[in-house]
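Below are the chains, spelled out letter by letter.
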Amino acid sequence: MDNVVANDGDGASEHGDTKVEKFVDTVLSVGLEGKGPFKSAREIADEHLTRPGDAEKAIQRLIATHARVVGASGFATGLGGFVTLPVTVPTDVGVFYVQASRCAGSVAHLRGYELESDEVRSVVLMSLLGAGGVAMAAEFGVNLGTRAALAALKKVPGRVLMDINKKVGFRLVTKAGTTGVVNLSKLVPFVGGGVGASVNVVGMRSIGGYAKGNFPADDDVSA
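It should be emphasised that the depicted structure is a prediction, and the values quoted were computed from it without experimental measurement. The numbers attached to residues start from 1 for each chain and follow its sequence in the written order. In keeping with the predicted nature of the model, local features appear solely for residues at pLDDT of at least 70, side-chain atom pairs appear and are counted solely at 80 or more, and the whole-chain, interface and lining totals rest on all residues. The basis for the side-chain values is all heavy atoms of the structure; hydrogens and waters are excluded.

Draft legend 1. Molecular detail of the packing of helix α2 (residues 41-48) against helix α3 (residues 55-71). Two elements in contact, α2 and α3, have axes whose closest approach is 8 Å; the angle formed by their N-to-C orientations is 120°. Judged on the interaxial angle alone, α3 and α2 are oblique. Considering only the axes of α2 and α3, their crossing is right-handed. Contacts between α2 and α3 involve Ile44, Ala45 and His48 on the former and, on the latter, Ala58, Arg61, Leu62, Thr65 and His66. Classification used: nonpolar for Ala, Val, Leu, Ile, Met, Phe, Trp, Tyr, Cys and Pro, charged for Asp, Glu, Lys and Arg, polar for all others including Gly. Looking at the contact of α2 with α3 residue by residue, the classes come out as four nonpolar, three polar and one charged. Throughout, an axis means a line fitted to C-alpha atoms (over the contacting stretch in the case of helices), and angles, computed between N-to-C directions, take values from 0 to 180 degrees. What counts as a helix is a DSSP run of H or I of at least four residues, what counts as a strand is a run of E of at least two, and both are numbered from the N terminus. Oblique is the label for any angle not covered by the other classes, which are roughly parallel (under 35 degrees), roughly antiparallel (over 145) and roughly perpendicular (65 to 115). The hand of a helix crossing depends on one turn: near helix anticlockwise from the far one by less than a right angle means left-handed, and clockwise means right-handed. Throughout, a residue-residue contact means that at least one pair of heavy atoms, one from each residue, lies within 4.5 Å.

Shown next as structure tokens:
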């Protein structure tokens, strides 16, 4: 995994810190804002919204779309477009998590959250950790999935929010590097790894589910 780090940030080298910061920046910037042929979270969300008031059905469709993209042989074309992207992180991790970031961001957009908000972007990142992200937020006194979650994050100093993002990044790359949970590189040259594809499909669906929980539809907190 390009020797990023072997822990979640405690005592990590400066070199490791820089790599993880670039990883987090790529995951959020490309996943949410898009790049080249890779469409932004807002664009994909709007494409799945066939008519006003259909946000929940659109969310189900876009989660299914992203699960299909990471598991299908054509994941690098069409909605993906990763062949032409200068992604600066290892392909196996980068492809999956940028797609997952866009999926989570699309859910947030359809639920009425502002993707430019630093707090929303942090919750998108934490959604990629699943239960681990919920637990991490709780360490900082934030109960994800509640009405007060975004308001609580707004009270967190910017420097602390950056530290949270970096800690999430370390856990993401460590999880992928040590367990191989995310390994789309196996699908690139010789497509057909059924097991790898299935793992990534399940992973994407899980992240979509956590995004739905972390960005509740009835949350009236202004993002």
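Draft legend 2. View of the side chain of serine 127. Among the secondary structure elements, serine 127 is positioned in helix α5 (residues 118-127). Think of a polar contact as two N or O atoms within 3.5 Å of one another; within protein, one of them needs to be a possible hydrogen donor and the other a possible acceptor, and neighboring residues in sequence only count if both atoms come from side chains. Separated by 2.9 Å, the side chains of serine 127 and asparagine 214 make a polar contact. Leaving out residues up to four positions away in the same chain, serine 127 has contacts with Ala104, Ile207, Tyr210, Ala211, Asn214 and Phe215.

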